[in-house]
Amino acid sequence: MVSPGPARIVAAGMTATAAVLALIYLPVPTGPPPPRTTSSASAADTTELTRLAEEYLQQRADMLTNARPTVEAAGGRLRTTPAMAARARSELAALAEKGLRYEDIDIGYTKARVDVEVTTANVTDGTATLQLTDHTRLYFARTPQQVEDGSPECEESSLPRTMTFARGADGRWLLSSDRVDEEGGPLPTTEVDEARFDPAA
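Think of each chain on its own: its residues are numbered from 1, step by step along the sequence as written. Reporting in this predicted model follows two pLDDT cut-offs: at least 70 for local features of residues, and 80 or more for side-chain atom pairs to be given and counted; totals over whole chains, interfaces and linings ignore these cut-offs and use all residues. Values shown for side chains rest on all heavy atoms present in the structure; no hydrogens or waters enter the calculation.

Draft legend 1. Spatial organisation of the overall build of the protein chain. Numbered from the N terminus, helices here are DSSP runs of H or I no shorter than four residues, and strands are runs of E no shorter than two. A count of helical and extended segments in the protein chain gives five helices and four strands. The proportion of buried residues among the 201 residues of the protein chain is 34%. Excluding contacts between residues fewer than 6 apart, the proportion of contacts in the protein chain whose partners are at least 24 apart in sequence is 61%. For every residue, the accessible area (1.4 Å probe, protein chains only) is compared with the maximum for its type, and the residue is labelled buried under 20%, exposed over 50%, or partly exposed between those bounds. Residue contacts are defined here by distance: any two heavy atoms, one from each residue, within 4.5 Å place the two residues in contact.

So, in structure tokens, the structure goes:
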């Protein structure tokens, strides 16, 4: 069998090295993928609606932490319709109470992080609908050493939701409803009615 010449071996080595370097320097994706929107939702609308959804869910998650704002302060930051505002304040208060109960049994959270991944967005006649997944992390009061020793750093959940919005008198979007799209099983800590499902049923 004829052995490859030195030039061919060098060329093969250079090709392999270039391939490895190309893999090393590929840009790392950051953040969730861009939402797949319907043709009726403009990029500007989708960006604004996604921001409102994320702010609403972040505010809810923050109520579970030991750095929670007051219900009045939290409710004042939300952009909702009047009907949704009443529901939102009620749930913010319930989540704050839940956070305090968890602190009493030493399962408190120091901070929360919410990321929203939109799958579809639709805008028609002054109303809008987002279908999204709410990715939430609730961080425990852990030292770096405890995490290194195997203690969980945070509690993570992912929950599909459908949110609807209406345009206010000033033309800005307002959250009008928020529905969890679940098929049974216990809801995550960030939901008020987590005891609605019986795991033994």
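Draft legend 2. Main features of the pattern of salt bridges. Counted as salt bridges are all cases of a side-chain nitrogen of Lys or Arg within 4 Å of a carboxyl oxygen of Asp or Glu. Using the criterion set out here, one finds 15 salt bridges in the structure. One salt bridge connects Glu 55 with Arg 51, and the closest N-O pair in it is separated by 2.6 Å. On the criterion of helical spacing, the pair formed by Glu 55 and Arg 51 is a turn pair, its members being four residues apart in helix H2 (residues 43-62). Residue Glu 55 is classed as partly exposed on the basis of its relative accessible area of 38%. Through salt bridges with shared partners, a single network forms among Arg 60, Arg 87, Glu 91, Asp 134, Arg 161, Asp 178 and Glu 191.

Draft legend 3. Representation of the sheet that holds strand S4 (residues 173-180) in the model. Following DSSP output, two strands are said to pair if at least two bridges run between them. Taken in spatial order, the four strands of this open sheet run S1-S2-S3-S4, and their pairing is antiparallel. This sheet does not close on itself; its edge strands, each paired only once, are strand S1 (109-124) and S4. Adjacent strand axes in the sheet meet at a mean angle of 30°, parallel and antiparallel pairs treated alike. As defined by bridge partners, strand S2 (residues 127-140) adjoins strand S3 (residues 154-167) across 13 bridges and the pair is classed as antiparallel. Bridge pairing links Thr 129 to Thr 164 in S3. This element, H2, spans S1, S2, S3 and S4 of the sheet and lies at about 150° to S1. Only the stretch in contact is used when fitting a helix axis, every axis being a line fitted to C-alpha atoms; angles between N-to-C directions are given from 0 to 180 degrees. Those strands touched by helix H4 (residues 82-104) are S1 and S4, and its axis lies near 55° from that of S4.

Draft legend 4. Summary view of the nonpolar core. Nonpolar core, defined: a set of buried Ala, Val, Leu, Ile, Met, Phe, Trp, Tyr and Cys residues in which side-chain atoms within 4.5 Å join the residues together. Judged by nonpolar contacts, the single largest core of 34 residues is most densely connected at Tyr 56, Leu 130, Leu 132, Met 163 and Phe 165. Contributing elements (two or more residues each) for this core: H2, helix H3 (71-76), H4, S1, S2, S3 and S4. No other element matches the seven residues that S1 contributes to this core. In contact with Leu 130, other than residues within four places in its own chain, are Leu 49, Thr 50, Ala 53, Val 118, Thr 120, Ala 121, Arg 161, Thr 162, Met 163 and Phe 165.

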